[in-house]
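Each chain, written out:
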Amino acid sequence: MEIYENENDQVDAIKRFFAENGKALAVGVVLGIGALVGWRYWTSHQADTAKVSSQAYENAISALQADKPETFAAAEKFAADNKNTYGALASLELAQQYVEKNELDKAAAQLQQGLAATSDENLKSMINVRLARVQVQLKQQDVALKTLDAVKGDSWAAIVADLRGEALLSKGDKQGARTAWENGIKNNASPALSEMMQMKINNLSI
């Protein structure tokens, strides 16, 4: 570190520094300003994109509820084209519609698409729970059990236990189903869900 004897030495040192580094500093300032402007543009663009996606999602779902073939096609296109949370939510809504029509294969396909579209872990857990439920109905018990393994979060534990019990019972594993439901009751299940799982346990004895 240099030691300066007086203010003139300090001023001369500063002049030398800018003479030697002025161009680099100027470039740095320009790059810094450019990055700031770019960041502001990007965040503004992201906000605008989210707003447009939100409105498009609302339009697609509102039309879907009219239950017309063309609205299903439009909603499916929206879900396929939007690899984000809105696309995943649209896939969830489509899957529910297909379940109500007993078109379970199409429901499963939409849920798989929704999983690929979002990075939100809680939403992924919700989709996986619904997917496992559909897979149990399709008699794909082993696949459903694997799907349930992907569900994250303690808040889902009781629901996962209930579905796990259903899948195991469908395989003929009564003891496994009992254990799953007993664990579900211990995992802070809601009173209604606890009562339902207890009834299932009781029915195993009949």
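Our structure is the block above this text.
Here's a quick rundown of the structure.

Reading the values: rules and limits
Residues numbered from 1 in each chain as written. Predicted model: local features only at pLDDT ≥ 70, side-chain atom pairs only at ≥ 80, totals over all residues. Heavy atoms only, no water. Buried < 20%, exposed > 50% of the residue type's maximum accessible area, 1.4 Å probe, protein only. Helix = DSSP H or I, 4+ residues; strand = E, 2+ residues; numbered from the N terminus. Arc of directions from axis to C-beta. Contact = heavy atoms within 4.5 Å. Expected span 1.5 Å × (residues − 1). Salt bridge = Lys/Arg side-chain N within 4 Å of Asp/Glu carboxyl O.

## Examining helix α6 (residues 141-149)
Taken as a whole, α6 has its buried residues at Gln141, Ala144, Leu145, Thr147 and Leu148. Buried residues along α6 cover an arc of 160 degrees about the axis, so they all sit on one side. Opposite the buried face of α6, at more than 90 degrees from it, the exposed residues are Asp142, Lys146 and Asp149. Buried residues in α6 make contact with α5 (121-137) and α7 (157-170).

## So, α7
Compared with an ideal rise of 1.5 Å per residue, which puts 14 residues at 20 Å, α7 spans 20 Å between its outermost C-alpha atoms and is within 8% of the ideal. Residues Ala158, Val160, Ala161, Asp162, Leu163, Gly165, Ala167 and Leu168 constitute the buried set of α7. Contacts from the buried residues of α7 go to α5, α6, α8 (174-186) and α9 (191-204). At the exit of α7 stands Gly172, carrying a positive phi of roughly 90 degrees.

## Things to note about the pattern of salt bridges
Scanning all chains against the criterion turns up six salt bridges. Close ionic contact of Lys200 with Asp162 constitutes a salt bridge, the shortest N to O distance being 2.7 Å. Taken together, the residues Lys200 in helix α9 and Asp162 in helix α7 connect sequence positions 38 residues apart. Summarising the burial analysis for this pair, Lys200 and Asp162 share the class buried.

## Description of the side chain of Ser194
Looking at the secondary structure, you find Ser194 in helix α9. Ser194 gets classed as buried once you look at its relative accessible area, which sits at 15%.

Scope: geometric values only; no functional claims are made or implied.
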